[in-house]
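# Secondary and tertiary structure notes
These are the residues of each chain, in order.
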Amino acid sequence: MQALIAGIDSGRVLLLLAAGVASGLAGSIAGLASLFSYPALLAAGLPPVAANVTNTVALFSNTVGSAVGSRAELRGQRARLVRLAVAAALGGAIGAALLLGTPSSTFELVVPWLVALGSVLILIREPLRRLTTRFRPDQAAVPGLAVFCAVLLVGLYGGYFGAAAGVLMLAVLSLSATEPLPVTNAVKNIATGAANVTAAVAYAFLAPVDWSAAVTLGVGCFAGAWMGPAVVRRLPEAPLRIAIALAGFGLAWTLWRDATAS
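This text gives an overview of the structure that appears in the document. Note that this is a predicted model, so its numbers are computed, not measured.

## Concerning the environment of Thr198
- For Thr198, the position within the fold is in helix α12 (residues 181-206).
- The class of Thr198 is partly exposed, set by a relative accessible area of 24%.
- Remark: the alpha-carbon pair of Thr198 and Ala93, spanning 105 residues in sequence, is separated by 5.6 Å.
- Non-local contacts of Thr198, meaning those with residues more than four positions away in its chain, are made with Ala89, Gly92 and Ala93.

What follows is the structure in structure tokens.
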């Protein structure tokens with residue numbers, strides 16, 4: 001690691017480490033890792049495309065850290081995790097291919113609305129669940145194919161751009177299963193991680209990844225993500241969902257402002 005960070009000054013190292021810890025916490029708790037990591041990479045001097053792909057590579061450590069910290073919540077979830085990881089990884093590969101082969105300007109105008117929609121779904125999860133049970137009382141769960149397709153689409157978004165992909169994934173998973181939020185959150189972290197790692201592998205070979213920044217940011221991400229699940233266990237569910245949704249709305253507005261200003 002010393003060799004990798006030798007080319008950057010101590011100020012950048014501290015900036016990226018601090019942003020990594022904040023990103024790990026925000027990502028593992030709320031799915032908003034890029035709220036801290038992407039601006040930090042820009043502030044560290046990376047151009048937008050390099051910052052985007054470097055961010056995707058660094059955030060893989062979020063998955064590792066949150067998995068280590070969520071062992072209790074992930075117990076007994078293996079079959080479900082495999083299905084979701086396959087869907088998310090496939091989507092992540094498609095998203096990475098789109099990023100490497102197409103301009104991002106049009107998609108960036110759609111992103112804020114997707115993030116805002118995910119935030120709304122998190123807020124109204126319980127009424128939607130009750131509505132589903134009312135009209136389909138014998139099959140209250142969302143069909144598996146619908147969940148697979150939704151997770152694939154979120155994975156595609158995660159591989160292409162990534163900001164608040166965790167909010168969208170949390171919204172999909174919250175509507176597809178009745179379980180405590182810490183369990184859904186832990187599963188969300190693995191699913192978004194599957195999309196991330198697929199895109200990260202592609203970027204490692206085909207995109208301008210800044211490896212010194214990725215490793216430094218990743219170290220902080222691992223630490224923050226490892227602490228995140230313990231925080232989720234201790235916070236009451238309803239206020240946490242509201243806080244996640246409000247943070248998502250804030251990020252949606254920021255992304256919309258930046259997209260329309262450029």
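After that view, the rundown keeps rolling.
## What to know about helix α11 (residues 165-176)
- When the terminal C-alpha atoms of α11 are compared, their 17 Å separation across 12 residues agrees well with the 16 Å that a helix rising 1.5 Å per residue should span.
- Among the 12 residues in α11, 11 count as buried, and that is most of the element.
- Within α11 the residues assigned to the buried category are Ala165, Gly166, Val167, Leu168, Met169, Leu170, Ala171, Val172, Leu173, Ser174 and Ser176.

## Let's talk about helix α10 (residues 144-160)
- The terminal C-alpha atoms of α10 lie 24 Å apart, and with 17 residues this matches the ideal 24 Å at 1.5 Å per residue to within 8%.
- Along α10, the positions that sit buried rather than exposed are Val147, Val151, Leu152, Val154, Gly155, Leu156, Tyr157, Gly158, Gly159 and Tyr160.

## Comments concerning the side chain of Asn52
- You can see Asn52 is positioned in helix α4 (residues 48-58).
- What makes Asn52 buried here is its relative accessible area of 8%.
- Once you skip the residues sitting within four places of it in the chain, Asn52 turns out to touch Tyr38, Leu99, Tyr160 and Phe161.

## Here's the deal with the nonpolar core
- Grouped together as the largest cluster of nonpolar side chains are 68 residues, with contacts concentrated most on Val151 and Tyr203.
- Counting residues per element, this core draws most heavily on α12, which supplies 11 residues.
- Non-local contacts of Tyr203, meaning those with residues more than four positions away in its chain, are made with Val53, Thr56, Val57, Ala96, Leu99, Leu100, Gly159, Tyr160 and Val209.

Scoring rules and cut-offs
Residues numbered from 1 in each chain as written. Predicted model: local features only at pLDDT ≥ 70, side-chain atom pairs only at ≥ 80, totals over all residues. Heavy atoms only, no water. Helix = DSSP H or I, 4+ residues; strand = E, 2+ residues; numbered from the N terminus. Buried < 20%, exposed > 50% of the residue type's maximum accessible area, 1.4 Å probe, protein only. Contact = heavy atoms within 4.5 Å. Expected span 1.5 Å × (residues − 1). Core = buried A, V, L, I, M, F, W, Y, C linked by side-chain atoms within 4.5 Å.

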